[in-house]
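Coordinate inspection notes
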Amino acid sequence: MTVALKIGRVSASRNAQLRAEAAAGYAFVTPALILIMVLLIAPIVVVLLLSLTDYQLGALEWSWVGLANYSDMLGDRIFLRSLSNTFIYVAIVVPGSVVLGLVVAILVQERTKSKAIYQTIFFLPVTTTLIAMSVVWHFLLNPSLGPITSLTRALGLGEFDVFGDPDLVLVGLAVIGIWQLVGFNMILFLAGLTAIPRDLYDAADIDGADGAWDRFARVTWPMLGPTTLFVVVTTTITAFRVFDTVAVITRGNPQGRSDVLLYTLYKVGFQDFNMGPASAMTIAFLVFVLVIALAQAFFIDRRTHY
Amino acid sequence: MSHLELTGLSKSFGTTKVLNDVSLSVRNGEFLTLVGASGCGKSTILRVIAGLEPQDSGTVQIGGRGVDHLRPKQRNVAMVFQSYALYPHMSVAENISMPLVMQRLNLAERLPLIGRLSANRRRVMTEIAAEVDAVAKQLQIEALLTRKPAQLSGGQRQRVALGRSMVRHPDVFLMDEPLSNLDAKLRVHMRAELTDLHRRLGVTFIYVTHDQVEAMTMSDRVALMDEGRIVQLGTPSDLYHNPSDLRVARFIGSPQINIVSGTTTAQGILVGEALLPIAVSSPAGQVVSVGLRPEALSLDPVVGQPNLAARLTRVENLGAELFLHFALQESGAPLVLRATLQDYERHKARLNAPVALGVECARALVFDAAGHRVDQASRAALRLEVPA
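Scoring rules and cut-offs
Residues numbered from 1 in each chain as written. Chains lettered and ligands numbered in written order. Predicted model: local features only at pLDDT ≥ 70, side-chain atom pairs only at ≥ 80, totals over all residues. Heavy atoms only, no water. Contact = heavy atoms within 4.5 Å. Buried area = accessible area lost by both parts, 1.4 Å probe. Salt bridge = Lys/Arg side-chain N within 4 Å of Asp/Glu carboxyl O. Polar contact = N/O pair within 3.5 Å; in protein donor to acceptor, adjacent residues only side chain to side chain. Helix = DSSP H or I, 4+ residues; strand = E, 2+ residues; numbered from the N terminus. Nonpolar A, V, L, I, M, F, W, Y, C, P; charged D, E, K, R; others polar. Pairing = 2+ DSSP bridges. Axes fitted to C-alpha atoms, helices over the stretch in contact; angles between N-to-C directions. Expected span 1.5 Å × (residues − 1). Phe/Tyr/Trp six-rings, centres within 6.5 Å; stacked < 30°, edge-to-face > 60°. Buried < 20%, exposed > 50% of the residue type's maximum accessible area, 1.4 Å probe, protein only. Lys NZ or Arg CZ within 6 Å of the ring centre and 35° of its normal. Parallel < 35°, antiparallel > 145°, perpendicular 65-115°, else oblique. Left-handed = near helix turned anticlockwise from the far one by under 90°. Domains from an automatic or database assignment.

**Considerations on the interface of chain B and chain A**
Interface size is commonly expressed as the accessible surface area that is lost when the partners come together. On the side of chain A, 19 residues touch chain B, which itself brings 27 residues to the contact. In this assembly, chain B packs against chain A so that about 2000 Å² is buried in total across both faces, 62% of it on carbon and sulfur atoms. Among the residues of chain B in contact with chain A, Tyr 87, His 89 and Met 102 of chain B are the three that bury the most area, contributing 25% of the side total. Taken together, the connections running from chain B to chain A amount to five salt bridges. One salt bridge in this structure joins Asp 207 of chain A and Arg 164 of chain B, with 3.7 Å as the shortest N-O distance. On inspection of chain B and its partner chain A, the count reaches nine residue pairs in polar contact (both at pLDDT 80 or more). Counting residues per element, the ones that place at least two in the side of chain B that touches chain A are α1 (42–50), β6 (77–80), α2 (92–104) and α3 (107–110) of chain B. Looking at the side of chain B that touches chain A, the element that brings in the most residues is α2 of chain B, giving four residues. Within the side of chain B that touches chain A, the residues separate by chemical class into 19 nonpolar, two polar and six charged.

**Comments concerning the sheet that holds strand β20 (residues 365–367) of chain B**
All names here are of chain B. Spatially, β13-β12-β11-β14-β20 is the arrangement adopted by the five strands of the open sheet, whose pairing is antiparallel. Two strands bound the open sheet, and with one partner strand each, they are β13 (274–276) and β20. Strand-to-strand twist across the sheet, computed as the mean angle between neighbouring axes with direction ignored, equals 40°.

**Describing helix α4 (residues 119–138) of chain B**
All names here are of chain B. Between its first and last C-alpha, α4 extends 30 Å over 20 residues, near the 28 Å set by a 1.5 Å rise per residue. On the buried face of α4, the contacting elements are α2, α3 and α5 (154–166). Here α4 starts with a cap whose side-chain oxygen sits 3.2 Å from the backbone nitrogen of Asn 120, and that cap is Ser 118. One or two positions beyond α4, positive phi appears at Gln 140, with a value near 55°.

**A look at the packing of aromatic side chains**
Applying the stated criterion across every chain, the model contains 15 aromatic pairs over all chains. A ring pair is formed by Phe 87 of chain A and Phe 288 of chain A, whose centres lie 5.4 Å apart and whose planes are at 85°; its orientation type is edge-to-face. With Phe 87 of chain A in helix α3 (residues 77–110) and Phe 288 of chain A in helix α13 (residues 275–304), this pair connects stretches of sequence that are 201 residues apart. Among the residues examined, Phe 87 of chain A registers a relative accessible area of 38% and is labelled partly exposed. For Phe 288 of chain A, a relative accessible area of 26% gives the class partly exposed. When the ring of Trp 137 of chain A is compared with that of Trp 179 of chain A, the centres are 5.4 Å apart and the planes differ by 75°; the resulting orientation is edge-to-face. Here Trp 137 of chain A is found in helix α5 (residues 130–140), whereas its partner Trp 179 of chain A is found in helix α7 (residues 169–194), with 42 residues between them in sequence. When its relative accessible area of 13% is taken as the criterion, Trp 137 of chain A is described as buried. By relative accessible area, which is 27% here, Trp 179 of chain A ends up partly exposed. Among the aromatic residues, ring-to-ring pairing joins Phe 87, Phe 240, Phe 285 and Phe 288 of chain A into one connected group. Positioned above the aromatic ring of Tyr 87 of chain B is the side chain of Arg 164 of chain B, whose terminal nitrogen or guanidinium carbon lies 5.0 Å from the ring centre. Sitting over the face of the ring of Tyr 240 of chain B, Arg 293 of chain B holds its NZ or CZ atom 4.0 Å from the ring centroid.

**Here we look at the pattern of salt bridges**
If you walk through the whole model with that rule in mind, you get 28 salt bridges over all chains. Put simply, Arg 27 of chain B and Glu 30 of chain B hold a salt bridge, and the shortest N to O gap is 3.4 Å. The salt bridge involving Glu 295 of chain B is made with Arg 338 of chain B; its shortest N-O contact spans 3.2 Å. On the criterion of sequence distance, the pair formed by Glu 295 of chain B in the loop between β14 (287–292) and β15 (297–298) and Arg 338 of chain B in strand β18 (residues 334–340) is long-range, its members being 43 residues apart. Several salt bridges converge on common partners, so that one network encompasses Arg 198 and Asp 202 of chain A together with Arg 47 and Glu 53 of chain B.

**Things to note about the packing of α3 of chain A against α7 of chain A**
Residue and element names in this part refer to chain A. Contact geometry for α3 and α7: axes closest at 6 Å, N-to-C directions at 40°. Judged on the interaxial angle alone, α7 and α3 are oblique. Helix-helix and strand crossings are classified by hand; for α3 and α7 the assignment is right-handed. The class makeup of the residues in the contact of α3 with α7 is 22 nonpolar, eight polar and no charged.

**So, the sheet that holds strand β8 (residues 204–209) of chain B**
Residue and element names in this part refer to chain B. Pairing is mixed across the open sheet formed by six strands, whose spatial order is β6-β7-β8-β3-β9-β10. Two strands lie at the open edges of the sheet, namely β6 and β10 (229–234), each paired on one side alone. For this sheet, the mean inter-axis angle between neighbouring strands, taken without regard to orientation, is 20°. Bridge analysis of strand β9 (residues 221–226) against β10 gives five bridges, and the strand direction is antiparallel. Of the residues in β10, the one forming a bridge with Val 222 is Gly 234. Packing against the sheet, α5 makes contact with β6 and β7 (172–176), and its axis sits at approximately 175° to β6.

**A word on the domain arrangement of chain A**
All names here are of chain A. Partitioning chain A into structural domains gives domain 1 (1–50) and domain 2 (71–303). For domain 1 versus domain 2, the distance between C-alpha centres works out to 45 Å. Facing four residues of domain 1, the contacting portion of domain 2 comprises five residues. Where domain 1 meets domain 2, there are zero salt bridges. Across the side of domain 1 that touches domain 2, the residue classes tally to four nonpolar, no polar and no charged.

**Notes on the side chain of Arg 159 of chain B**
All names here are of chain B. Position of Arg 159 among the secondary structure elements: in helix α5. Note on Arg 159: relative accessible area 14%, which makes it buried. Among the polar contacts listed, one links the side chain of Arg 159 to the side chain of Glu 193, at a separation of 3.2 Å. If near-sequence neighbours (up to four positions away) are discounted, Arg 159 is found in contact with Leu 139, Gln 140, Ile 141, His 189, Met 190 and Glu 193.

**Overview of unusual backbone geometry**
Phi is mostly negative for residues that are not glycine, and the peptide bonds are mostly trans. The omega torsion across Asn 253 of chain A and Pro 254 of chain A is -10°, close enough to zero to call that bond cis. Within the secondary structure layout, Pro 254 of chain A lies in the loop between α11 (244–250) and α12 (261–271). The omega angle of the peptide bond from Ser 254 of chain B to Pro 255 of chain B is 0°, so this bond is cis rather than trans. As for its position among the elements, Pro 255 of chain B is in the loop between α9 (246–251) and β11 (258–264). The phi dihedral of Gln 255 of chain A falls on the positive side, at around 50°, and the residue is not glycine. With respect to the helices and strands, Gln 255 of chain A occurs in the loop between α11 and α12. Residue Gln 255 of chain A is classed as exposed on the basis of its relative accessible area of 60%. The backbone of Gln 140 of chain B shows a phi angle near 55°, a positive value even though the residue is not glycine. As for its position among the elements, Gln 140 of chain B is in the loop between α4 and α5. Given the relative accessible area of 61%, Gln 140 of chain B is considered exposed.

Structure (structure tokens):
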């Protein structure tokens, strides 16, 4: 009886101690939790709620409209066109800037003395403001005044109105996107390349994998797996957010062939002040980004880490 | 199976001379160890032999054939790296088969998808798989063939690295500190396995280590290196009992050889008050270093035997034997003595006070200020050649 009582008392005091520890733990976590809620979760929740209303920027009255914004959005020609244009843009920019970034990184890495110079040059576009550079590109590719046009004309290739041609406009924008991303991807690949142990190349030499292709295919490329995955994911998300070049150069023209998701969203929200539909598009945008991030976390990550 | 001949190898990195006119002849099927402190050039020799690093001057011959103009894969050497250098994205079987795949399939057949269309590829891959299985069986890693290196322990990775070397039947095995990443117990075990493997394969092994125990226990011959040169080349017992240089005497042997300083006289060498009757080639009045292995000292000198007065400072008990640490009465210089447990028990009582340690002068090694051997005693009698 006394023994049982004693055990009971011990476990009671033990429970009290655990409760105190838990309380202290929560106390430590709370500030971070509040910040995450206020800064990260709350805005998303607000957008989610707005997407269920017909709220107009500056309006005093609004009402719930349920999922109407979403069903309108899925039937909206401009939205669907923006979506498909964005996907085309991503489909050009991601492979282009990843492959070029890798090629440049491998070439630059082989240099010893000039490595720093090349790194800086290729990284320059990353440091510039894309808005300002869009103006420069606009001029370079101008069909009557641009030096690139003069060049193609001199070479007998004719004239290209890149940003006026419905078939070329997305390609033109994508080239600027690639130009801007190659330097950043190069830096990431360079970091990945330096992490490959020298011994592996020595072993490959002795095993007979000493040609440029074999070294790349048997050592470099597989060892860059985790880096490549990271580069692809960041590039995809960056490409998905294309906005500056469209807003400055084409404004969705010609014939809406350069309408992209964020630009359409911006027009609906801040030119037409329709916050409800704009919020619905934002949610759609977030879903795409989330899908990419989840794909990385759950599928591909496991196959590229050794 | 081939002998290996290095002639006048030199190599510099910038202004640092890593190899300085190294010549070395390794017999067919020999287990030769290059031993030395880090930075002595031993790994560079290995890399030059493998063709991973071009030498500045000198030649490498394998089996009588000059290989200087050949690429690593054409020299038919295999190398085991300190880090094992296994391909982390490939399974154990793929790792081991890599040299054969590269040898026997052409570029088109090696391509990921297109290669599969080739009938020749299927035939060769079946052959290779059989050879990989055979090697895996020898190394007892059959059960691991489908695993990735990250899922293996250090010892298992070591075996896979060995397997990758063995599968191609190389003329020469090059091993760059292969045991240094293993824990102490496994290292002792792998030492035995490697010597066993060498005996079974009968191929020339060139083994690089900084661990003198590995050099002593595994090799037919040992080359001790310092500052890019081979200081001495000989059997392990040669290096231990008959070192030609103070650096060799210091490097080989555990515990380290005792070095006491003395002065040459017409009658022998004066160490403090004690006169050690050892004939030397140096003139009288020179300062020399007298090297005494821990077993050349005894606790009970016989009548008339030269002795050194010392007091006990520390006892290391290893079970079967003990290392008794003394300090010389006069100079305080440390001395280690190897004693059996019985010896120690017998003399324990009087070790509280300074004692006279008997010196077996026939085993003393004398070096001049430049580190060269100067005693004249013949060491031949002491050589303990291991019967072949």
